[in-house]
Amino acid sequence: MNSDATSLIPAQDTTARRLEMLTLDEAHDLLRLLQLVAAEGLDELSEEAEWFAREIAARIPSES
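Since we're looking at a predicted model, the values are computed, not measured.

## Remarks on the packing of aromatic side chains
Logical step 1: On inspection of all chains with the given rule, the structure shows one aromatic pair.
Logical step 2: Each ring, one from Trp51 and one from Phe52, has its centre 4.8 Å from the other, and the planes form 80°; the classification is edge-to-face.

## Regarding the pattern of salt bridges
Logical step 1: Under the criterion given, the structure shown has four salt bridges.
Logical step 2: With a shortest N-O distance of 2.3 Å, Arg32 and Asp29 are connected by a salt bridge. Note that Arg32 and Asp29 are positioned in helix α3 (residues 24-39) at a spacing of three residues, about one turn of the helix.
Logical step 3: For Asp29, a relative accessible area of 43% translates into the label partly exposed.

## Considering the side chain of Ser46
Logical step 1: Mapped onto the elements, Ser46 comes out in helix α4 (residues 44-59).
Logical step 2: Leaving out residues up to four positions away in the same chain, Ser46 has contacts with Val37, Ala38 and Gly41.

## Notes on a nonpolar patch on the surface
Logical step 1: Taken together, the side chains of Leu22, Leu30 and Leu33 make up a nonpolar region of the molecular surface, amounting to roughly 260 Å² of accessible area.
Logical step 2: One can find Leu33 in helix α3.

## Focus on the layout of surface pockets
Logical step 1: There is about 360 Å³ of room inside the largest pocket.
Logical step 2: Around the largest pocket sit Met21, Leu22, Thr23, Leu24, Ala27, Leu30, Trp51, Phe52, Glu55, Ile56, Arg59 and Ile60, which together line it.
Logical step 3: Mapped onto the lining of the largest pocket, the elements with two or more residues apiece are α3 and α4.
Logical step 4: The greatest single-element share of the lining of the largest pocket, amounting to five residues, is contributed by α4.

## Some words on the environment of Glu47
Logical step 1: Summarising the element assignment, Glu47 is placed in helix α4.
Logical step 2: Counting along the chain gives ten residues from Glu47 to Val37, while the straight-line C-alpha distance between them is 8.8 Å.

## Things to note about α3
Logical step 1: Between its first and last C-alpha atoms α3 spans 23 Å; for 16 residues at 1.5 Å apiece the expected length is 22 Å, and the two agree.
Logical step 2: When α3 is considered as a whole, its buried residues turn out to be Ala27, His28, Leu31, Leu34 and Ala38. All buried residues of α3 project into a common sector of 125° when viewed along the axis, lining one side. Opposite the buried face of α3, at more than 90 degrees from it, the exposed residues are Asp25 and Leu36.
Logical step 3: Where α3 is buried, its residues touch α4.

What counts, and where the lines are drawn
Residues numbered from 1 in each chain as written. Predicted model: local features only at pLDDT ≥ 70, side-chain atom pairs only at ≥ 80, totals over all residues. Heavy atoms only, no water. Phe/Tyr/Trp six-rings, centres within 6.5 Å; stacked < 30°, edge-to-face > 60°. Salt bridge = Lys/Arg side-chain N within 4 Å of Asp/Glu carboxyl O. Helix = DSSP H or I, 4+ residues; strand = E, 2+ residues; numbered from the N terminus. Buried < 20%, exposed > 50% of the residue type's maximum accessible area, 1.4 Å probe, protein only. Contact = heavy atoms within 4.5 Å. Patch = residues over 30% accessible without salt bridge, like charges linked within 9 Å, V, L, I, M, F, W, Y side chains within 5 Å. Areas by Shrake-Rupley, 256 points an atom, 1.4 Å probe, with all protein chains shown as cover. 1 Å grid on protein atoms, 1.4 Å probe; cavity = no way out; pocket = protein on both sides within 12 Å on 5 of 7 lines; lining within 4 Å. Points joined across faces, edges and corners; volume = space filled by probe spheres on them. Expected span 1.5 Å × (residues − 1). Arc of directions from axis to C-beta.

Written out as structure tokens, the structure reads:
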């Protein structure tokens, strides 16, 4: 998250702070999940999942 986004999170909200970063394995798991949802159909949820999958795939290294 960028500093502007994290500044909006209240300091006492440790759960939100803990969710700032994903491990690489978690990012790949999330990418696979989003790709599955995107493949389900052409509704609004699948379109949004496809967009998020593309954004995440562009930001993380490929699995080897």
